[in-house]
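The chain contents come next:
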Amino acid sequence: MKTENYKYIASCVLTRDYPELSRKAISYVKSLGIPISRCCVAKYKVKEFEDSVDPSIRDEWKSLPHHLPIENTDTIVSVCHNCTNIIAETIPGVKIISLYEL
């Protein structure tokens, strides 16, 4: 599978609510060599979400970049409907796929 220009948004809410599922998704995406960020919006509630994620994943979560710049030539992999909608509205032309499609 060609994953050039792919970026995965791990989702603040998914990671907070389902830390083990998020960890597995992050591990899978890392194995494909796809860059990962925590959130679709730069500087959005960074401290609040860092503090609210389960301690079992907090260090791993904090080691990921909070946000990666997104270009309209990127393919965004998302698990969050909110992230998908925000990206679609703010970056016209960007391709968005679900983690399940990946």
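About the cut-offs
Residues numbered from 1 in each chain as written. Predicted model: local features only at pLDDT ≥ 70, side-chain atom pairs only at ≥ 80, totals over all residues. Heavy atoms only, no water. Buried < 20%, exposed > 50% of the residue type's maximum accessible area, 1.4 Å probe, protein only. Helix = DSSP H or I, 4+ residues; strand = E, 2+ residues; numbered from the N terminus. Pairing = 2+ DSSP bridges. Contact = heavy atoms within 4.5 Å. Salt bridge = Lys/Arg side-chain N within 4 Å of Asp/Glu carboxyl O. Core = buried A, V, L, I, M, F, W, Y, C linked by side-chain atoms within 4.5 Å.

(A) Spatial organisation of the pairing of strand β1 (residues 6-9). Of the two faces of β1, both are covered, the one formed by Tyr6 and Tyr8 as well as the one formed by Lys7 and Ile9. Summarising the sheet, β1 and strand β3 (residues 75-78) pair through 4 bridges and their orientation is parallel. Paired with Tyr8 across the bridge in β3 is Val77. Bridging between β1 and strand β2 (residues 36-37) involves 2 bridges; their strand directions are parallel.

(B) Representation of the environment of Val79. Relative to the assigned elements, Val79 resides in the loop between β3 and α5 (81-90). Judged by its relative accessible area of 23%, Val79 falls in the partly exposed class. For the pair formed by Val79 and Ser22, sequence separation is 57 residues and the distance between their alpha carbons is 9.6 Å. Contact partners of Val79, with chain neighbours within four places excluded, come to Tyr8, Ile9, Ala10, Ser11, Leu14 and Leu99.

(C) Representation of the pattern of salt bridges in the model. For the coordinates displayed, the defined rule picks out 4 salt bridges. With a shortest N-O distance of 3.0 Å, Lys7 and Asp74 are connected by a salt bridge. Here Asp74 lies in the loop between α4 (55-63) and β3 and Lys7 lies in strand β1, a separation of 67 residues in the sequence. An identical accessibility class is assigned to Lys7 and Asp74; each is buried. Note that Glu20 and Arg23 form a salt bridge whose closest N and O atoms lie 3.0 Å from each other. In this pair, Glu20 and Arg23 both sit in helix α2 (residues 19-31), 3 residues apart, roughly one turn of the helix. Among the residues examined, Glu20 registers a relative accessible area of 40% and is labelled partly exposed. Ionic contacts of the salt-bridge type, sharing partners, join the residues Glu20, Arg23 and Glu60 into one network.

(D) Spotlight on the sheet that holds β3. Ordered by their spatial adjacency, 4 strands build an open sheet running β2-β1-β3-β4, and the pairing between neighbours is parallel. Since the sheet does not close on itself, it has two edges, and those belong to β2 and β4 (95-98), each with one partner.

(E) How the structure looks around the nonpolar core. Counting 19 residues, the largest nonpolar core has Tyr8, Val29, Ile36, Val77, Leu99 and Leu102 as the members making the most contacts within it. Mapped by element, the contributors of at least two residues to this core are β1, α2 and α4. If you tally residues by element for this core, the top one is α2, at 3 residues. Discounting residues that sit within four places of it in the chain, Tyr8 has contacts with Ala25, Ile26, Val29, Ile34, Pro35, Ile36, Ser37, Val77, Val79 and Leu99.

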